[in-house]
Amino acid sequence: MKQGNMDTATVMHGVFGDPIKHSKSPVMHNRAFRELGLNAAYAAFHVRQGQLKDAVAGIRAMQFRGVNVTIPHKLEVMDYLDEISEDAVAIGAVNTIVNDDGKLTGYNTDGIGYVRSLKEEAGFAAAGKKVLMLGAGGAARGVAYALAKEGASAVYIANRTVSKAVQLADSIRPFTTSEGIGFDSIVDVRDEIDLIVHNTEVGMHPNVDEVLIDTSWFHEGLTISDIVYNPLVTRLLREAAERRAKTHGGLGMFIYQGAYAFEYWTGREAPVAAMREAVLEAFG
Ligand code: ATR
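Residues numbered from 1 in each chain as written. Predicted model: local features only at pLDDT ≥ 70, side-chain atom pairs only at ≥ 80, totals over all residues.

**Here's the deal with the overall build of the protein chain**
Now for step 1: Along the protein chain, the regular secondary structure elements total 10 helices and 12 strands.
Now for step 2: A compact globule built from 284 residues would reach a C-alpha radius of gyration of about 19 Å, and the protein chain, at 19 Å, matches this within 12%.
Now for step 3: Principal axes of the C-alpha set define a box for the protein chain whose edges measure 60 × 35 × 30 Å.
Now for step 4: With 284 residues in all, the protein chain has 44% of them scored as buried.
Now for step 5: The contacts in the protein chain between residues at least 6 apart in sequence include a share of 64% that link residues at least 24 apart. (Helix = DSSP H or I, 4+ residues; strand = E, 2+ residues; numbered from the N terminus. Rg over C-alpha atoms; globule rule 2.2 N^0.38 Å. Buried ≥ 20, exposed ≤ 12 C-beta atoms within 10 Å, placed from the backbone. Contact = placed C-beta atoms within 7 Å.)

**So, the environment of asparagine 39**
Now for step 1: With respect to the secondary-structure elements, asparagine 39 resides in the loop between α1 (25-35) and β2 (40-46).
Now for step 2: Sequence separation between asparagine 39 and isoleucine 59 is 20 residues; the distance between their C-alpha atoms is 18 Å.

**As for α1**
Now for step 1: Within the span of α1, buried status applies to Ser25, Pro26, Met28, His29, Arg31, Ala32 and Phe33.
Now for step 2: Its buried side turned inward, α1 meets β1 (11-17), β2, β3 (66-69), α9 (251-266) and α10 (272-283).
Now for step 3: Positive phi appears at glycine 37, one or two residues downstream of α1, with a value of about 70 degrees.

**What about the UniProt feature "binding site: shikimate" (unreviewed entry) in the protein chain?**
Now for step 1: UniProt annotation of "binding site: shikimate" (unreviewed entry) refers to Ser23, Lys24, Ser25, Thr70, Asn95, Asp110, Tyr229 and Gln257 when read in the numbering used here.
Now for step 2: Residue position: serine 23 is located in the loop between β1 and α1.
Now for step 3: Contact partners of serine 23, with chain neighbours within four places excluded, come to Val15, Gly17 and Ala44.
Now for step 4: For aspartate 110, the position within the fold is in helix α4 (residues 110-122).
Now for step 5: Setting aside residues no more than four positions away along its own chain, aspartate 110 makes contact with Asn95, Gly142 and Gln257. (UniProt positions renumbered as here; feature names shortened; annotations may be inferred.)

**Some thoughts on the domain arrangement of the protein chain**
Now for step 1: Looking at the protein chain, the domain boundaries give domain 1 (11-108 + 253-283) and domain 2 (111-249).
Now for step 2: Across the contact, 14 residues belong to domain 1 and 12 residues belong to domain 2.
Now for step 3: For the side of domain 1 that touches domain 2, the elements supplying multiple residues, two or more each, are α3 (86-91) and α9.
Now for step 4: Looking at the side of domain 1 that touches domain 2, its residues break down into 9 nonpolar, 3 polar and 2 charged. (Domains from an automatic or database assignment. Nonpolar A, V, L, I, M, F, W, Y, C, P; charged D, E, K, R; others polar.)

**Some words on the site of the ligand**
Now for step 1: The ligand sits among 14 residues. The nearest are Gly137, Gly138, Arg160, Thr161 and Thr200.
Now for step 2: Broken down by element, the shell around the ligand gets its largest block of residues, 3 residues, from helix α5 (residues 138-150).
Now for step 3: For the shell around the ligand, the class distribution of residues is 5 nonpolar, 6 polar and 3 charged. (Near = placed C-beta within 6 Å.)

**Examining the pairing of strand β9 (residues 177-181)**
Now for step 1: Here β9 shows one buried face, formed by Ser178 and Gly180, and one open face, formed by Thr177, Glu179 and Ile181.
Now for step 2: The pairing of strand β8 (residues 154-158) with β9 spans 5 bridges and is parallel. Bridge pairing links tyrosine 156 to glutamate 179 in β9.
Now for step 3: Note that the unit made of β8, helix α6 (residues 162-172) and β9 has a crossover that is right-handed. (Pairing = 2+ DSSP bridges. Right-handed = clockwise from strand over helix to strand, strands pointing away.)

Here you go:
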């Protein structure tokens, strides 16, 4: 079905967020629906704080099949769902809702999306590996949890506000060895780690000249992964490449969180290559 050819049988999907106008999810999912010939559509909805409960009621009332939830709603939305997956409860955030005949279930595909993109795009399997995470905010939670569940043997979390790193490290300790540290303690762990994941907005457009930590010690045995995808190659990744470390950009996390959501909604394997192409075209 071509986009724009919706009819009375079209299965609706969308994303709720504020702001939402820059979201690349609609082009990504509509391309995926088209690629598989599904009579389905996906739109962006500007849902302001205070209106989320009504918006979720709309999912039921209008029989949307699926919705993504983004900033600032990923936590609050948990109050309005019928069921929440174990992963989403542990992470403390929902980014994907599946509607089964009025029963709404919340999932979190950010962390598993990240781990899948790391595997597919950088050839990095986290099991048995030691990881240093930079940042302990909302984005870091899903990544830390997924890496721990994947079998990383240690997850160190460094953050400007050390108490937040300690808190996040505590929350994943059932699954792996973990420790929250300050940036000045990176020197104590740097010789044992295999992967660094950067989870803050430092280096994101328009502040493309920023980098969070000293990179002079990076080496070819390391994989450096940045969840920032605007720009596609951040200063952190540029400096990592100069030191011959392997690099992994943040676009894949976005693509694969969407791929998992698509698979939950449709039961079909997501056409990842087409989805990536659509997003890259939208970036221009
Ligand atoms: P998100 O949901 O995008 O992760 P967040 O929950 O506000 O957003 O978390 C932002 C993360 O980036 C935090 O780890 C934050 O560090 P603090 O916990 O110390 O605030 C980190 N961060 C943002 N700007 C930073 C900066 N200029 N220097 C160091 N860390 C920064």
